[in-house]
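# Breakdown of the fold
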Amino acid sequence: MKHRKLGRTGIQVSEVGLGTWQLGSADWGQVSEDDGLEILRRAADSGVNFLDTADVYGGGVSERIIGKFLKQTDHTLHVATKLGRKIWLDLGLQWPERITLEMARQATEQSLRNLGLESLFLQQWHCLPTEEYRRGDVFEHLETLKREGLIQHWGCSVESVEEAQLCLAHPGCETLQVIYNIFRQKLTEDLLPLARQHEVGILARVPLASGLLTGRFQPGHQFSPQDHRHYNADGQVFNVGETFAGLPFAKGVELAEKVKAILDPVSGEAMSQLALRWILDHDAVSTVIPGATKPTHAENNATTSDLLPLGEATHQQLLELYQQEVAPEIRGPY
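Our subject in this report is the structure included herewith. (Residues numbered from 1 in each chain as written. Predicted model: local features only at pLDDT ≥ 70, side-chain atom pairs only at ≥ 80, totals over all residues. Heavy atoms only, no water.)

Another aspect to go through is the pattern of salt bridges. Counted under the stated rule, the structure contains 23 salt bridges. Among the ionic pairs, D52 bridges to K82, the shortest N-O distance being 2.6 Å. Pair noted here: D52 is in strand 4 (residues 50–52) and K82 is in strand 5 (residues 78–83), with a separation of 30 residues, a long-range link. Pair check on accessibility: D52 and K82 agree, each one buried. Linking R105 and E148 is a salt bridge whose minimum nitrogen-to-oxygen distance equals 2.7 Å. (Salt bridge = Lys/Arg side-chain N within 4 Å of Asp/Glu carboxyl O. Helix = DSSP H or I, 4+ residues; strand = E, 2+ residues; numbered from the N terminus. Buried < 20%, exposed > 50% of the residue type's maximum accessible area, 1.4 Å probe, protein only.)

This part is about the packing of helix 11 (residues 249–263) against helix 14 (residues 312–326). Relative to each other, helix 11 and helix 14 sit at 165°, their axes nearing to 10 Å. As the angle between them shows, helix 11 and helix 14 are arranged roughly antiparallel. The chirality of how helix 11 crosses helix 14 is right-handed. Side by side, helix 11 and helix 14 meet where L255, K258, V259, I262 and L263 of the first sit next to T314, Q317, L318, L321, E325 and V326 of the second. In the contact of helix 11 with helix 14, the residues fall into seven nonpolar, two polar and two charged. (Axes fitted to C-alpha atoms, helices over the stretch in contact; angles between N-to-C directions. Parallel < 35°, antiparallel > 145°, perpendicular 65-115°, else oblique. Left-handed = near helix turned anticlockwise from the far one by under 90°. Contact = heavy atoms within 4.5 Å. Nonpolar A, V, L, I, M, F, W, Y, C, P; charged D, E, K, R; others polar.)

A word on the side chain of R277. Topologically, R277 is positioned in helix 12 (residues 271–280). Given the relative accessible area of 6%, R277 is considered buried. A distance of 3.0 Å separates a polar side-chain atom of R277 from the backbone oxygen of L307. (Polar contact = N/O pair within 3.5 Å; in protein donor to acceptor, adjacent residues only side chain to side chain.)

As enumerated under the stated definition, the model contains 13 aromatic pairs in all. Each ring, one from W88 and one from W95, has its centre 6.1 Å from the other, and the planes form 25°; the classification is stacked. The class for W88 is buried, based on a relative accessible area of 10%. W95 sits in the partly exposed class, given a relative accessible area of 27%. Taken together, a centroid distance of 6.1 Å and an interplanar angle of 15° make the contact between Y133 and F139 stacked. What links up through ring pairs into an aromatic cluster is the set W21, W28, Y57, Y231 and F238. Just above the ring of W88 sits the side chain of R85; from NZ or CZ to the centre is 4.2 Å. Note that R184 overlies the ring of Y334, its terminal NZ or CZ placed 4.2 Å from the centroid. (Phe/Tyr/Trp six-rings, centres within 6.5 Å; stacked < 30°, edge-to-face > 60°. Lys NZ or Arg CZ within 6 Å of the ring centre and 35° of its normal.)

Mapped onto the fold, Q273 is located in helix 12. Given a relative accessible area of 8%, Q273 falls into the buried group. With residues up to four places along the chain from it excluded, the contact list for Q273 reads N300, T303, T304 and L307.

This is how it looks when you write it as structure tokens:
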């Protein structure tokens, strides 16, 4: 496993991390605690040292499973979590007039209890309304929590380049978590150079477009009602970009086949690994954070670090596909 510096934190993180939304067993189907612990073990044994979670994943279930694992393992792991979306849920899907310092403190203290930690390595705002980032109070809240020792570093998970730019304007922001994959290439030119200039670490989420870029789905595939790929397929509950990277499912399956045709000649590796390799070919990315519902997923994703870059010709073909056929289909803030 290769490592990269996480922005100005100075910490070296595995270039393939682990996203743990699935461990919450609320939006991807059921993952038992035992399976969750095994996923974490296989990831850590494969060299993964960066975990991303959130207080809203299963209402704290994901954080608590990670907390249990931290007590079992000898591996040194850097855990990032997020706050804000649970506040939204707790208020009945209504954003408060303003998110207060006390809200941020209470959420952070609950995450610390869930994880069994005294201080969070990285706390992140979790896809707040654009106006919150524009107003800027939320940044000062995390600065206060940092001074109090509850958190060591902070960043923001955002939906659009505009929101990312608002966060970059605050000198305390050390990381940005963004949707970045073969289907969402706008950030390559519109954001990555700015992040590099500001020495802000980039965490690439939704790297496989909710599974589309594994190439496993066929037209007409049905997801369970509890899976966000069913209930949020068209952005009914939260930003449509978080589900299939904003593509309509049927169009996404069609486009994934075209991506597969471009990637297949590169090597004998799985399409998912090559899709992750595409992200890692951009050196402004600090780590990519694919999720896993099975231990083998975590192991296979980690091996992406061993792959050679895809090559200029492959990148150019994928860029042309994005520009000509993918970009016009993307929905949601971008």
